[in-house]
Amino acid sequence: MFQDFEDPKDSKNTGQHVKLLRRAMAEDELDAFIVPREDAFQGEYVPAANERLKWLTGFGGSAGVAVVMTRQAAIFVDGRYILQAHEQVDAGIFEVVPIAETGPLAWLEQKLRKNQRIGIDPKLHTLAFADAVEKLARRMGLDIDYVSDNPVDRVWTDRPAMPETQIVVHPNRLSGRTSLDKRCALGRQLADSKQAAMLVTQPENIAWLLNIRADDVPHTPFALSFGILRASGRFDWFIDPKRVDDKTRQHVGDKLHIHASDKLTGSLGKLKTKIRLDPSTTPIWFAAQLGGAEIVHGEDLCTFAKACKTKAEIKGTKAAHLRDGAALCRFLCWLDARGRTGKISEIDAARQAEAFRAETGKLRDL
């Protein structure tokens, strides 16, 4: 949660990055541009390549959003990050705003005037958020530019490459159900609702649905990818095919079709009839590509299904808690013996707790 709190404030870089962004905004005739912490996958953790908010502001927390205008800028964070934001963000450039008091759209409503233009990247904002922006635009007489070329990406010249970690199998003995069984069960739900397919845009749902894991981001073992689940149980998975070896393909089972990520746009354009998507987690870009389809808003069917744990998952959860509980007891004993010296920092304690967990031989990540 408290990522990179020890990073020093770098006003020089922040000032230069904001200057570059404003120059790009001027080229696009934008009066305001919204920079979220989330990437296209809408997760809490993002790879270094998608740390746009941190690159722009210096803020390294796991939640937040910035708004940059021609002469003003603000970063909006929740109560967990007020202190961290003041430590990491240059207050001479960005106003730090508690998001519970004033959200970015409410802030923009105070700052913008009729006929000014708001820029947002449709790949980074959900349909639900875009709907709120459009309501603001109608109310104030503003224009919205769904940019095809994110100005942050355009000026971020040393942007890291996207991760491509190897996909690994999550054994059926741990999941309790095969991928094909899950896909066919959800496919029947789609068929019962007379829906031809469903977009799966959250990588954690793909990890559950296919019984696979990867290491594309810290602390969550999934692969950054998108998919289309069809009523037949077929799953079109958009990911670099080189990342998926024969063992993993056989493990996932029949009705799996793997496509390069750059084939996604064309595949979405070919979808017809009723297509289900979750407006709270799906970027608005996806809806724009479904020109020939009837869009049905509904929760991703994986969300409820994965919450209903199998006997194998319950057994695994109990085993994990027993291991972690033993490590925590060791840590509390250590803290009780040494804590009274007053020489242990919070970081010292956190590292020792991690060390006890690592000694179980079962720790993958915090």
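Attention shifts here to the overall build of the protein chain. Across its full length, the protein chain carries 15 helices and 14 strands. Computed over C-alpha atoms, the radius of gyration of the protein chain comes to 23 Å, within 12% of the 21 Å expected from 2.2 N^0.38 for 366 residues, which places it in the range of a compact globule. Dimensions of the protein chain along its principal axes, counting C-alpha atoms only, are 70 × 60 × 35 Å. The buried share of the protein chain, taken over its 366 residues, is 46%. A fraction of 68% describes how many contacts in the protein chain between residues 6 or more apart in sequence connect residues 24 or more apart. Per element, the accessible surface of the protein chain, about 18400 Å² overall, is 51% carbon and sulfur. Where the 53 positive side-chain charges of the protein chain centre and where its 50 negative ones centre are 5 Å apart.

Packing of helix H4 (residues 104-111) against helix H5 (residues 127-140) brings their axes to within 11 Å, and their N-to-C directions diverge by 20°. Classified by the angle between their axes, H4 and H5 sit roughly parallel to one another. As H4 packs across H5, the resulting crossing turns out to be right-handed. Contact with H4, carried on its side by Leu105, Leu108 and Glu109, involves Phe129, Ala132, Val133, Leu136, Arg139 and Met140 of H5 and no other residues of that element.

Moving on: the sheet that holds strand S14 (residues 294-297). Here six strands make up an open sheet; going across it, the order is S12-S11-S10-S8-S13-S14 and the pairing mixed. Every interior strand has two partners, whereas the edge strands, strand S12 (256-259) and S14, have only one. With strand direction ignored, the average angle separating the axes of adjacent strands in the sheet is 25°. With four bridges connecting them, strand S10 (residues 226-230) and strand S11 (residues 235-238) associate as antiparallel partners. Considered in S11, the bridge of leucine 229 is made with phenylalanine 235. Sheet strands touched by helix H8 (residues 179-192): strand S8 (197-200), S10, S11, S12 and strand S13 (274-277). Its angle to S10, the strand with the most contacts, is close to 65°. Set on the sheet, helix H9 (residues 203-210) makes contact with S8, S10 and S11; between it and S11 the angle comes to about 130°.

On to the pattern of salt bridges, then. As a working rule, side chains carrying opposite charge can pair if their charged atoms are close by. Summed over the entire model, instances satisfying the criterion amount to 19 salt bridges. Where arginine 154 meets aspartate 149, a salt bridge forms, and the shortest distance between an N and an O atom there is 3.1 Å. On the basis of relative accessibility, which here comes to 36%, the residue aspartate 149 falls in the partly exposed class. Aspartate 236 serves as the salt-bridge partner of arginine 234, at 2.7 Å between the closest nitrogen and oxygen.

This part is about H9. Given 3.6 residues per turn, any residue in an α-helix points the same way as the ones three and four places further on. Taking burial as the measure, the eight residues of H9 include seven buried ones, the bulk of the element. For H9, the full list of buried residues reads Pro203, Asn205, Ile206, Ala207, Trp208, Leu209 and Leu210. Immediately beyond the C-terminal end of H9, within one or two residues, lies asparagine 211, with a positive phi of roughly 55°.

Scoring rules and cut-offs
- Per chain, residues are indexed from 1 in the order of the written sequence.
- With the structure being a predicted model, the display of local features is reserved for residues of pLDDT at least 70 and the display and counting of side-chain atom pairs for 80 or more, all residues being used for whole-chain, interface and lining totals.
- The side-chain values count all of the structure's non-hydrogen atoms but skip hydrogen atoms and water molecules.
- Segments assigned H or I by DSSP are reported as helices when at least four residues long, segments assigned E as strands when at least two residues long, and all are numbered from the N terminus.
- In this treatment the radius of gyration is a C-alpha quantity, and the globule benchmark scales as 2.2 Å times the residue count to the 0.38 power.
- Each residue is assigned to one of three classes by its accessible area relative to the maximum for its type, calculated with a 1.4 Å probe on protein chains only: buried under 20%, partly exposed between the two thresholds, exposed over 50%.
- Only heavy atoms matter for contacts: two residues are in contact if any of them lie within 4.5 Å across the pair.
- Surface accessibility in these figures is a Shrake-Rupley result with a 1.4 Å probe; residues are shielded only by whichever protein chains are displayed.
- Only four residue types enter the tally: Lys and Arg on the positive side, Asp and Glu on the negative side; His and the chain ends are excluded.
- To locate a charge, take atom NZ for lysine, CZ for arginine, CG for aspartate or CD for glutamate.
- Axes, fitted as lines to C-alpha atoms, cover a helix only where it is in contact. Angles between the N-to-C directions of the axes lie from 0 to 180 degrees.
- Orientation categories follow fixed angle ranges, with anything under 35 degrees roughly parallel, anything over 145 roughly antiparallel, 65 to 115 roughly perpendicular, and all other angles oblique.
- Two helices that cross are described as forming a left-handed crossing if the nearer one is turned anticlockwise from the farther one by less than a right angle, and a right-handed crossing if clockwise.
- Pairing between two strands requires that DSSP report at least two bridges joining them.
- Salt bridge criterion: a side-chain nitrogen from Lys or Arg within 4 Å of a carboxyl oxygen from Asp or Glu.

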